[in-house]
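Here is what each chain is made of, one letter per residue.
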Amino acid sequence: MSKTILSQAFQQALIHQNLCLSISKPQEKTHLKGALGSSLSFTIANAFKATNLPFLLIFDTKEEAAYYLNDLEVLLDDKEVLFYPGSYRRPYQIEETDNANVLLRAEVLSRINSQKKPALIVTYPEALFEKVLSRKELEKSTFKVVVGQELNLDFFNEVLFEYQFSRVDFVTEPGEFSVRGGIVDVFSFSNDEPYRIEFFGDEVDSIRTFDIESQLSIKPIKKLQIIPNIEYKLRNETRQGFLEYIPSNTVIFSKNIPAFFAATDTLQEKATEAYNELSETLKHSKPEDLFCTSANFKSQLLDFPVVEFGSTAVLAPKKEQQLEAQVSPQPSFNKQFNLIIEDLNT
C-alpha cells in the first residue's frame, strides 16, 4: 500500500477532521490517544497540510525526534520540515558548541522571521532549554548582501571577523570564509550551503551557492543573509525562550509534558552548578538569562493550541478533550512472511 493511499485514508477519517477543527481554535487543548507508531506521523502530516498552521513537535529525546523527523520528511516536502537541535553546549562551555547544530538552529529562527509558508519543527527538551536571541537582536546581528550593492571588500572582511568567522583557504563548515582576489566564499549560519560572492570593484557582481566538495556553483541568488554563531555570545544581548519566539498560532504537539518539565528541571540544576563553579573575576550571565525553566514552559504552553499524544494528558484531562485513534499495534511476525501476508489480507 502506497503512502498516498494511506494518507488519503487518514484524511477521510473522522478523527482527522476533529483534530483539524480542534487545533484551529486558539489555546485549545486536546488529547490524541491511540496514535501508535507511524500512524502518528501520518496524522500530524495530514493535519499540517490541511490547516496551513505552523507546528512544533516536542519528543522526549533527540533519538525519538530524529525517528519521527525521518517519517515526516518522507510524508511532506523536506523544505517544510525543520529540525531544531540543542547546540550541544554544556552550560558556560561555549567551546563545545557544535557548528552543524548551531546552523540548524539559526535556519529555524531565520525561517520563522522570514514569515514564509509555515514550517513543521521537530525538537526535544534539551534544545528548547536554551534561550535564543530575541527577534530584534537577531535582526541586528544579520548582515545582508544584495547583488548590485556597493560594498567595500575590506569593510566586508572586518564584518566577518567581528562576527567571529575564521579566515581559511577553503570553507568547509559554518563560521568560515576565504578571500581570493575579488571573490569571497562565506559559510553563514543561516544556510546549509556556502555562498560565493564575486565583486567588481566595490560592487557585488554576483552571488551563488556552491558545493563544498566539487567547488562548483549550484544556483545564482539575488541576496543573502549572513548570521554569526548565535550561540557564541553570552552577555549584553536580550534572549528569550523559543516558545516566546514562535507565532501564537503555532500548534504544539507533545508526547509527555511531565517528562518535558522534569528534563528541564534537571538541566537547570546542572546549569546552576556550572555557574557556581565559575571564576568570580569574570562577569557571566546568570542561568535564568540563558536558559528556560519548567515554570516558564508551564505558563507559556497555556497560550498555544496543544495536542498531547501520550498515554496520559496534563493539559487536556477531560473526556470531551480526547480524540481516540482506532489503530492496533503491529504484531511480531519473527520473519514468518506467510503470517505477514495473512495479516495484510485481513
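The notes below deal with the structure included here. Every chain is numbered independently, its residues counted from 1 as its sequence is written. For a predicted model such as this one, the threshold for reporting local features is a pLDDT of at least 70, and the threshold for listing and counting side-chain atom pairs is 80 or more; totals across whole chains, interfaces and linings nevertheless cover every residue. In computing side-chain properties, one takes all heavy atoms of the structure into account and sets aside hydrogens as well as water.

1. Observations concerning the packing of aromatic side chains
Ring pairs (aromatic) are described by centroid distance and by the angle formed between their planes. Applicable threshold: Pairs were defined over the aromatic rings of Phe, Tyr and Trp, the Trp ring being its six-membered one, requiring ring centres within 6.5 Å. Orientation was assigned from the angle between planes: stacked under 30 degrees, edge-to-face over 60, tilted for the rest. Helix and strand definitions here come from DSSP, where helices need a minimum of 4 consecutive H or I residues and strands a minimum of 2 consecutive E residues; each element is numbered from the N-terminal end. With a 1.4 Å probe rolled over the protein chains alone, any residue whose accessible area is under 20% of its type maximum counts as buried; one over 50% counts as exposed, and the rest are partly exposed. Geometrically, a lysine NZ or arginine CZ counts as sitting over a ring once it is within 6 Å of the ring centre and also within 35 degrees of the ring normal.
The final tally for this structure, using the stated rule, is 15 aromatic pairs. With a centroid separation of 5.9 Å and 25° between ring planes, the pair formed by Phe143 and Phe156 is classed as stacked. On the criterion of sequence distance, the pair formed by Phe143 in strand 6 (residues 143-146) and Phe156 in helix 8 (residues 153-162) is long-range, its members being 13 residues apart. What makes Phe143 buried here is its relative accessible area of 15%. For Phe156, a relative accessible area of 0% puts it in the buried group. A cation over a ring is seen here: Arg196 above Phe210, with NZ or CZ 4.0 Å from the ring centre.

2. Looking at the sheet that holds strand 12 (residues 217-221)
Stated precisely, the cut-off is as follows: In short, DSSP must find at least two bridges between two strands for them to pair.
Spatially, 7-8-9-10-11-12 is the arrangement adopted by the six strands of the open sheet, whose pairing is mixed. Lying at the two open borders of the sheet, with one neighbouring strand each, are strand 7 (166-167) and strand 12. With four bridges connecting them, strand 11 (residues 203-210) and strand 12 associate as antiparallel partners. Residue pairing for strand 12: Phe210 is matched across the bridge by Ser217.

3. Side note on the packing of helix 10 (residues 257-276) against helix 12 (residues 294-301)
Rule in force here: Helix axes are fitted only over the stretch in contact, all axes being lines through C-alpha atoms; the angle between N-to-C directions runs from 0 to 180 degrees. A contact between two residues is defined here by any heavy atoms of the two lying within 4.5 Å. Amino acids are sorted into nonpolar (Ala, Val, Leu, Ile, Met, Phe, Trp, Tyr, Cys and Pro), charged (Asp, Glu, Lys and Arg) and polar (every other residue, Gly among them).
Running from N to C, helix 10 and helix 12 cross one another at 145°; their axes reach a closest spacing of 8 Å. Contacts between helix 10 and helix 12 involve Ile257, Phe260, Phe261, Thr264 and Asp265 on the former and, on the latter, Ser294, Phe297, Lys298 and Leu301. Of the residues in the contact of helix 10 with helix 12, the class split is five nonpolar, two polar and two charged.

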